[in-house]
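Chain and residue survey
Given next are the chains, with one letter for each unit.
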Amino acid sequence: MSEQPKGPQGGMPPGGPRPGGGPRPGGPGFGPGGMMMMPGQKPKNFKGSFRRLLGYLRPHRFKLIGVFATAILSTVFSILSPKILGKATDKLFAGIMGNAPFDFQGIWQIVSLLAGLYVISAIFSYVQQFLMAGVAQRTVSQLRNELNDKLSRLPLKFFDSRTHGEILSRVVNDVDNISNTLQQSLTQLITSIVTLIGAIVMMLTISPLLTLILVLTLPLSFLVIRAIAGRSQRYFKGQQAELGRLNGHVEEMYTGHSIVKAFGRERQSKEKFDDINDKLYHSSWRAQFVSGIIMPLMNFIGNIGYVAISVVGGVLVTHRSISVGDIQAFIQYTNQFTQPIMQTANIANIIQSTIASAERVFELLDEPEEEPERDGRLTSAMVKGDVAFQGVNFGYKPEEPLIEDMNINVKSGQTVAIVGPTGAGKTTLVNLLMRFYEVNDGAITVDGKNITDLKRGDLRSLFGMVLQDTWLFNGTIRDNIAYGREGATEQEVVEAAKAAHADHFIRTLPDGYDTILNEEGSNISQGQKQLLTIARAILANPAILILDEATSSVDTRTEIYIQKAMNELMKNRTSFVIAHRLSTIRDADLILVMNKGSVIEQGTHAELLAQGGFYADLYNSQFSESEQPSAV
């Protein structure tokens, strides 16, 4: 069904290249030491999206309270440790200096207390992660279920106007981003804040003067981070763009590997790869170099503070204003103080990116759905197959009408061929018939019942489709055929395969009907795939058939067998055949000739040729005078 307007198709699932190049906006780049540099995707409505995301967490509020409590307790116990360790240092120092005998029992008690604190802290940390994992996974599970349900209710025009990669990115990548932030970054933010506050309090209890010296180094640290991070972001964006181009080129070349070889374009492909790879090298080198400066500069600034604290602390020790153990504890608190600052700044960027992901997910959840269903019911057993289009008007865009005042009457059991040039509206007609799109005006009826009064599932169950582009899923041949009707027996599957002339080739495969089809059936030929889709349609036993040049992908001999099977299948069934090769529809009961969205001619093959109009020109353009079939 190739004529339906579509957005650019393709794209890779998250983790692979995006269409047009570049990883997903907001994706992280990594600097030295695992420090994450966020090129940054900011939400349009942070507060609104944040509140909506909190709504998904509200049912888990008691567990979240437990997460906050255990995170605080775990961090508090780890904050107390340096102070207690400092007391052990004081006892050792006193023994070394000869001011007092070595108090091994006191030291052992302190070490035992420290070990106990570390164990308790680890237990609380484990409980915190356990609770948060449950909350995060239940939340994203709910989001995934809502997204899956939403996608099943969205109209076809939604999928036509977006790339597959874009939809997959929202359903998989953005939800995973939310999951990772809930499970890791949220608890890290809590512990970072508690650690920061706790470290400041403990340092003030040890020495307000040393605390002031440390705080004075902070503005310099912030200036360095801001200056370098801003520049590195630009380089990381350039790196991502070139990486996306490289991945896209590789994907494209390997997907069309046989075409590249057939036209001898290996050299041009390699030259383009080398060009992109060279640009990627330079942008990556700049990104890594600039971001790599941060840690040495931060260490330099930290060492300045460390030297100042050591010098001043040494002076204070000599004046007996502070103990050696307190100096050792203060230095540990210095590390506890600087690390959370960098973590908090990084987590703030991650949260921005996460809310942007949540916003993209909510945009999908808020997309307008198909029109509400009504309660009318029809089954194939109830349907004769009369189909009518009554004054139908339709356009994919309201300001650009495609079909105007279409009137068609198809009687039960008739074979109706739909022909016309590309873009004439052949596929659109079928989309309207199956309510993939809704008509703007007029009505389509099946056995006199307006299809808008029927449940969509019931309506679509009336139709069996065999398309030019085959669709098979990763599974056994048996499962792919049985997809046509739920609860089909083994015997019914085999009979359908025999009717489609597929049974013979299936049994020649090593595993027969248990053969696993991979990558949409790439381990069998295109013709064999078409035979399986025809067998699936035969098994479905529909009231109305839709055939889109179903035999175009098979050889002439196979086409004869398939045509016989299709003729048997079409007996006593209303059938719509989208035809490209006009020689295949000479026996149709009715031929609809479409052009620019309108049915401009209709009649039998002989009647239309006799008119000498548009159809006759189309037919004659496909066959030279000497090649025209004798039946004409």
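Residues numbered from 1 in each chain as written. Predicted model: local features only at pLDDT ≥ 70, side-chain atom pairs only at ≥ 80, totals over all residues. Heavy atoms only, no water.

The next thing to look at is the overall build of the protein chain. Helix and strand content of the protein chain: 20 helices and 14 strands. In the protein chain, which comprises 632 residues, the share counted as buried stands at 44%. The contacts of the protein chain with a sequence gap of at least 6 include a subset with a gap of at least 24, amounting to 78%. For the protein chain, the computed accessible surface area is about 32200 Å², with 57% contributed by carbon and sulfur atoms. (Helix = DSSP H or I, 4+ residues; strand = E, 2+ residues; numbered from the N terminus. Buried < 20%, exposed > 50% of the residue type's maximum accessible area, 1.4 Å probe, protein only. Contact = heavy atoms within 4.5 Å. Areas by Shrake-Rupley, 256 points an atom, 1.4 Å probe, with all protein chains shown as cover.)

With that settled, consider unusual backbone geometry. The residue D405 is not glycine, and still its phi comes out positive at about 50 degrees. With respect to the helices, strands and loops of the structure, D405 is situated in strand β4 (residues 403–410). Residue D447 is not a glycine yet carries a positive backbone phi of 55 degrees. Considering the arrangement of structural elements, one finds D447 in the loop between β6 (441–446) and β7 (449–450). For D447, a relative accessible area of 23% gives the class partly exposed.

Across the sheet, which stays open at both edges, the six strands sit in the order β8-β11-β12-β5-β13-β14 with mixed pairing between neighbours. Across the chains shown, the open sheet's two edge strands, defined by having one partner strand only, are β8 (463–466) and β14 (598–603). Averaged over all pairs of adjacent strands, the angle between their axes in this sheet comes to 20 degrees, without regard to strand direction. The sheet contacts of helix α12 (residues 426–433) involve β5 (415–419), β8, β11 (544–548), β12 (574–578) and β13 (590–595), and relative to β12 the element is tilted by about 145 degrees. (Pairing = 2+ DSSP bridges. Axes fitted to C-alpha atoms, helices over the stretch in contact; angles between N-to-C directions.)

What follows deals with the environment of V577. Along the polypeptide, V577 turns up in strand β12. With 32 residues separating them in the primary sequence, V577 and L545 have C-alpha atoms 8.0 Å apart. Setting aside residues no more than four positions away along its own chain, V577 makes contact with T415, V416, A417, I418, L547, M570 and I585.

A few words now on the UniProt feature "transmembrane region" (unreviewed entry) in the protein chain. If you check UniProt for "transmembrane region" (unreviewed entry), the listed places come out as residues 62–86, 106–127, 186–204, 210–229 and 289–317 in our numbering. In residues 186–204, helix accounts for 100% and strand for 0%; the two terminal C-alpha atoms are 28 Å from one another. (UniProt positions renumbered as here; feature names shortened; annotations may be inferred.)

Here the focus is helix α15 (residues 490–499). Taken residue by residue, α15 has V493, V494, A496 and A497 as its buried positions. Buried positions in α15, seen along its axis, are confined to an arc of 160 degrees and lie on one side of it. Against the buried residues of α15 lie α14 (477–482), α16 (503–508) and α17 (526–540). Once α15 finishes, H501 follows within two positions and takes phi at roughly 60 degrees, a positive value. (Arc of directions from axis to C-beta.)

The next point concerns the sheet that holds β6. An order of β4-β3-β6-β7 is seen for the four strands of this open sheet, with the pairing classed as antiparallel. Two strands bound the open sheet, and with one partner strand each, they are β4 and β7. On the sheet, α12 packs against β3 (387–394), β4 and β6 and is oriented at approximately 110 degrees with respect to β3.

What follows is about the nonpolar core. Judged by nonpolar contacts, the single largest core of 40 residues is most densely connected at I481, I506, L532, I591 and Y615. Top element by residues in this core is α17. It accounts for seven residues. Beyond its immediate sequence surroundings of up to four residues, I591 is in contact with A417, V419, I585, E601, Q602, G603, T604, H605, L608 and Y615. Core analysis: the next-biggest nonpolar cluster, separate from the first, contains 33 residues, F389, M406, V410 and L433 among them. (Core = buried A, V, L, I, M, F, W, Y, C linked by side-chain atoms within 4.5 Å.)

The element β12 is extensively covered by neighbouring structure, given that five of its five residues are classed as buried. Neither face of β12 is open: one carries T574, F576 and I578, the other S575 and V577, and all of them are buried. Pairing of β11 with β12, which is carried by five bridges, proceeds in the parallel orientation. Directly across from I546, in β12, lies its bridge partner F576.

The next thing to look at is the pairing of β14. Direction of pairing for β13 relative to β14: antiparallel, over a ladder of five bridges. By the bridge assignment, I591 is partnered in β14 with G603. Counting the residues that bridge the hairpin from β13 to β14 gives two residues, and of these K596 lies at a positive phi of roughly 55 degrees.

Moving on, we come to the confidence of the model for the protein chain. Across the protein chain, the average pLDDT comes to 77, with 84% of residues at or above 70. In the model, residues 1–40 has pLDDT below 50 throughout and makes 117 contacts with residues more than four positions away in sequence or in other chains. Here residues 624–632 is a poorly scored stretch, pLDDT under 50, and it has ten contacts once near neighbours within four places are set aside; other chains count. (pLDDT = per-residue confidence, 0-100.)

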